[in-house]
Amino acid sequence: MSKIEDALKKISGNGAARGPGPAETARRQQLARAPQSIAQTAQSNQASTDMTQRASSRAEIARMEEVTPIGDKAMAHNKIIHPEMEDGRVLNAFRELRTKIIQKSLNGNGVIMVTGVTLGDGASFVARNLAAAFALDTSKTALLLDCNLKNPQYDGINSAGARLGLTDYLESEDIPVDKIIHRPGIDRFRMIPSGVQCEVPAEYFTSVKMGKLLVQLKERYPERYVILDTPPITESADTSIVADLCDHILLVVPYGKVTETQVEAAVKAIGQRKLVGVVFNNEPQLPKPSVWKSIWKLTPP
Amino acid sequence: MQLSYPQMIDALLKEAFVHRKAVVGIFLAINAIALIAGLAWPKQYTSSATIIVDEKNIIEPLMKGAAVVTEVADRAKLAKEVIYSRKLMGQVLTSPGWEKAGRTPKEEDAIINKAIIPNTKIISIDKNLIKIEYSNANPDRAYNTTKKISDLFISESLAAKAKESQDAYDFISTQTDEYHEKLVNAEALLKDFRSANLDAQPGSEGAVGTRINSLEEKIQQTTNDLNEAETKQESLTKQLSGEAEVTVAFTREGQYRTRIAELQQQLDTLRLSYQDTYPDIVRIKHQIEDLNEAINKDRTERQAGRGQARVLSEEALAINPLFQELRRELSQTKTQIDTLKARLVDARRLLHSETARGRRVHDSEAALAELTRDYQVNRDLYQDLLKRRENARVSMNMDIANQGLTFKIHEPATLPSDPSGPRFIHFILGGIVLGVLIPLGLLHAKQQFDPRLRFDSVIADKLKLQVLAIVPHLVTPSEEREVVASLRGLALLIGANFGILALVVGLKAGGVLS
């Protein structure tokens, strides 16, 4: 069972993806309008350009249609960070990561590829939560693109039937982009699964359509971050191809699983140009104090 | 990679938490092993005796320089050599606890090498203290053996020391006797030589030289004197030949005239002051008249005697005094010349004999020097040895009287009441400590030797990559439930472990378990 799948299932259980209700839409429009007017009056003011841009992007992003949000429990279950988390250490780590990436990508939008050194190193976990961290900021939106064609992370056949994804779009001429972008129930968070079709992956990524898709996705909103969840660079040829299409690359190094030589090989495969940095993942932690306390309680936690 | 201690401990704890089941498992296993080992550990009783090696005693300063106190360089080593000797060990085997009739030497060796020597410890506590320890499962045997070993050690050491002094004395004594004999021989040789060569006295050569010198001087002097006397004789002889033997004396008339002249002078002097009637002038005139009368009488007598052989009257003749004097002098000089000649001959004879003697002395001097040298060397050595022999005698007597380096039992062996070695509680505590340290040590070793990356600092420092974030492990609620459950289980196990340990310790303390 994939992680997001549960969330999707939940949403589909409520019926088709719904747009915001009439009251909700009105509120959002009001929110959107106010910054717009501020932007108009302060147009001549050079110093407030960034602020204006930020406000406009926020307004635009606020108009995004959202589904019923999934609960904190579901997010915790799926290992997705959320602001109300009890243990803030992971949340803070991703916020810090997000800030550093924003500092590096100057124009706001960016295609960030997240890859690992070896299988099972948590690259998908990092990609997913990095997207979630971007989505936490109301002025930004994140889109998670699953490029694990051989080993889909967020796709799969569920009871609701096949969900269209990346390969379907690239394969078929008559599937619009909108059809493959799914809303997993987290505000400002979108995702594209890898798709049902899965034949010769390399050919999908080399296609012109793939490049165009990335540009289209990136430029759809002023501050959109497209996060590509890819297989380990040393394990898959797809990753190297995708690396050419993205702006930045993040390398996930898991705790106690890989050697220096493996990391060096991965860095060599990526090249220094696009490599933003390394995320040291899954460092063991001692349990929170509450866990220690709950040991002595008679009731099960 | 250099990590600070807090970093290292933090990493270790995290790793220990990840491998908590293995860590607790090892902890429990070590505790169990320690418990079993503690229960099965054989009881050992140790008895010890301390021996003080006293070398600072009252005798030493008194005898300083006269006697040599036997030195013991490495006390523990010496003690080991003495104690582990077959002789001493053989005696130990006859002590209570070991005695058994009919043992072959091979069996005895086996007991000594397996039961006694490995359990005996000889420790040099400080310069003057030797501690002897013996451990055995039987406290009585431990006590008896320790006591026996310490007693034997002391008696053996003292005997060895006494023997050493005795040997030294004997050796020096032999040497002294040998030199005495040599000295006597040298003396005899010297005596014989001196008897044979009477001139060969110390300083003879010098004496002879002096004597020759004085003789030569004497000869010279005599020769000079002789020459002088001969010259004198010659001169006297010459003078004698030109001198008359007798001289003719003046006549009586002459004597009268001389007297008249004297009186006339007196008369003239008086006439200057007095008249011719002054009685003195009158008397002098009378005297002059008398004298003139005597002259006339004498002239008359001479005229009467003329024409007769001229005989010199005795009164007129007198022997010449100068001639006499010269004759006497000449005679004396002749005697002197004779004496000097005789003396010269004598001196020459003496010189000759002295020269011959000097030659003899010179020859014997070399032989004498050699004999004397031998004698002196032997005498010095003999005297020195004689002194040493007396020192050795005193040293030997000191050792016989146990006054030199002494061995005393400072702390006698006691019957051990408590077993020595690690107690049961030590095993339990050791088990707990090792149970904590060993798994942590293993984890640390794993961190050190496992090449897989565990520290972000390696990525940053060694691989020169920027670490954007360190993402801790995210625990899902279900995982958390599992963690709590596992921690509960482990806590229960540890609690049970301590419960068992406490129970066994309690039973042991209460004497239920032996």
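About the thresholds
Residues numbered from 1 in each chain as written. Chains lettered and ligands numbered in written order. Predicted model: local features only at pLDDT ≥ 70, side-chain atom pairs only at ≥ 80, totals over all residues. Helix = DSSP H or I, 4+ residues; strand = E, 2+ residues; numbered from the N terminus. Buried ≥ 20, exposed ≤ 12 C-beta atoms within 10 Å, placed from the backbone. Contact = placed C-beta atoms within 7 Å. Nonpolar A, V, L, I, M, F, W, Y, C, P; charged D, E, K, R; others polar. Pairing = 2+ DSSP bridges. Axes fitted to C-alpha atoms, helices over the stretch in contact; angles between N-to-C directions. Parallel < 35°, antiparallel > 145°, perpendicular 65-115°, else oblique. Core = buried A, V, L, I, M, F, W, Y, C linked by C-beta atoms within 7 Å. pLDDT = per-residue confidence, 0-100.

Enquirer: Can you break down the overall build of chain B residue by residue, with the values?
Expert: In terms of regular secondary structure, chain B is built from 14 helices and seven strands. With 514 residues in all, chain B has 19% of them scored as buried. Here the contacts in chain B between residues at least 6 apart in sequence split such that 86% fall between residues at least 24 apart.

Enquirer: Please provide a residue-by-residue account of the overall build of chain A, values included.
Expert: Helix and strand counts for chain A stand at 13 helices and six strands. Looking at chain A as a whole, 40% of its 301 residues qualify as buried. Residue pairs in contact within chain A that sit at least 24 positions apart in sequence constitute 79% of those at least 6 positions apart.

Enquirer: Mind laying out the interface of chain B and chain A, listing which residues take part and the relevant values?
Expert: Counting residues at the interface gives 33 residues for chain B, matched by 36 residues for chain A. Among the elements that line the side of chain B that touches chain A, the one with the most residues is helix α14 (residues 477–509) of chain B, at eight residues. Looking at the side of chain B that touches chain A residue by residue, the classes come out as 21 nonpolar, three polar and nine charged. Pairing between strand β6 (residues 275–283) of chain A and strand β7 (residues 467–472) of chain B: five bridges, direction parallel. Paired with Val279(A) across the bridge in β7(B) is Ala469(B).

Enquirer: Please set out the packing of helix α1 (residues 5–18) of chain B against helix α12 (residues 424–449) of chain B residue by residue, giving values where relevant.
Expert: Residues and elements named next belong to chain B. Across the interface, α1 lies against α12 with an axial gap of 10 Å and an inter-helix angle of 105 degrees. As far as their axial angle goes, α12 and α1 are roughly perpendicular. Judged by residue contacts, Ala11, Leu12, Glu15 and Ala16 of α1 engage Pro439, Leu440, Leu443, His444 and Gln447 from α12. Its residues assigned to classes, the contact of α1 with α12 comprises six nonpolar, two polar and one charged.

Enquirer: So what about the environment of Leu270(B)? Which residues, and what values?
Expert: All names here are of chain B. With respect to the secondary-structure elements, Leu270 resides in helix α9 (residues 252–273). By C-beta crowding, Leu270 is classed as partly exposed, having 16 other C-beta atoms within 10 Å. Other than its neighbours up to four places away in sequence, Leu270 contacts Tyr278, Asp280 and Ile281.

Enquirer: Which residues make up the sheet that holds strand β4 (residues 224–229) of chain A, and what values do they have?
Expert: One open sheet holds the seven strands; their spatial order is β3(A)-β2(A)-β4(A)-β1(A)-β5(A)-β6(A)-β7(B), and the pairing between them is parallel. Both edges of this open sheet fall to β3 (189–192) of chain A together with β7 of chain B, since each of them pairs with a single strand only. If you compare each strand with its neighbour and ignore which way they point, the axes differ by 20 degrees on average. Of the pairings in the sheet, the one linking strand β1 (residues 110–116) of chain A to strand β5 (residues 248–254) of chain A comprises five bridges and is parallel in character. When the sheet's bridge partners are listed, Ile112(A) is paired in β5(A) with His248(A). Strands β1, β4 and β5 of chain A of the sheet are contacted by helix α11 (residues 237–245) of chain A, whose axis makes an angle of about 155 degrees with β1(A). Packing of helix α12 (residues 260–270) of chain A onto the sheet brings it into contact with β5 and β6 of chain A, and relative to β5(A) it is tilted by some 170 degrees.

Enquirer: I'd like a rundown of the environment of Ala76(B), residues and numbers included.
Expert: Residues and elements named next belong to chain B. Mapped onto the elements of the fold, Ala76 is located in helix α4 (residues 75–83). Ala76 sits in the partly exposed class, given 16 other C-beta atoms within 10 Å. As a C-alpha pair, Ala76 and Lys121 span 45 residues in sequence and 9.9 Å in three-dimensional space. Once residues within four sequence positions are removed from consideration, Ala76 is found in contact with Ile122, Ile123, Ser124 and Ile130.

Enquirer: Any chance you could break down the packing of helix α2 (residues 20–40) of chain B against α14(B) for me, citing the residues and the numbers?
Expert: All names here are of chain B. Packing of α2 against α14 brings their axes to within 11 Å, and their N-to-C directions diverge by 10 degrees. Regarding the angle of α2 to α14, the classification is roughly parallel. Across the interface between the two elements, Arg20, Lys21, Val24, Leu28, Asn31 and Leu35 of α2 pack against Ser486, Leu490, Leu493, Ile494, Asn497, Leu501 and Val504 of α14. In terms of residue class, the contact of α2 with α14 is built from eight nonpolar, three polar and two charged.

Enquirer: Help me get a handle on unusual backbone geometry, residues and values and all.
Expert: For Arg188(A), which is not glycine, the phi torsion reads 60 degrees and is therefore positive. Within the secondary structure, Arg188(A) is located in the loop between α8 (177–180) and β3. One non-glycine residue, Lys464(B), lies in positive phi territory at about 55 degrees.

Enquirer: Give me the lowdown on the nonpolar core, citing residues and values where you can.
Expert: In terms of nonpolar packing, the biggest core is built from 76 residues, with Val114(A), Ile227(A) and Leu228(A) touching the most fellow members. At eleven residues, helix α6 (residues 123–136) of chain A tops the list of elements feeding residues into this core. Excluding residues that lie within four positions of it along the chain, Leu228(A) makes contacts with Val111(A), Ile112(A), Met113(A), Val114(A), Leu145(A), Cys147(A), Val242(A) and Cys246(A). Listed in part, the 20 residues of the second largest apolar core include Tyr45(B), Ile83(B), Ile122(B) and Tyr143(B).

Enquirer: I'd like to hear about the confidence of the model for chain B, residue by residue, with values.
Expert: Residues and elements named next belong to chain B. This prediction gives chain B a mean pLDDT of 84; 89% of its residues lie at or above 70. Averaged pLDDT values over the elements of chain B bottom out at 52 in helix α3 (residues 59–62) and peak at 94 in α2. The ipTM value of the predicted complex is 0.78, and its pTM value is 0.57.

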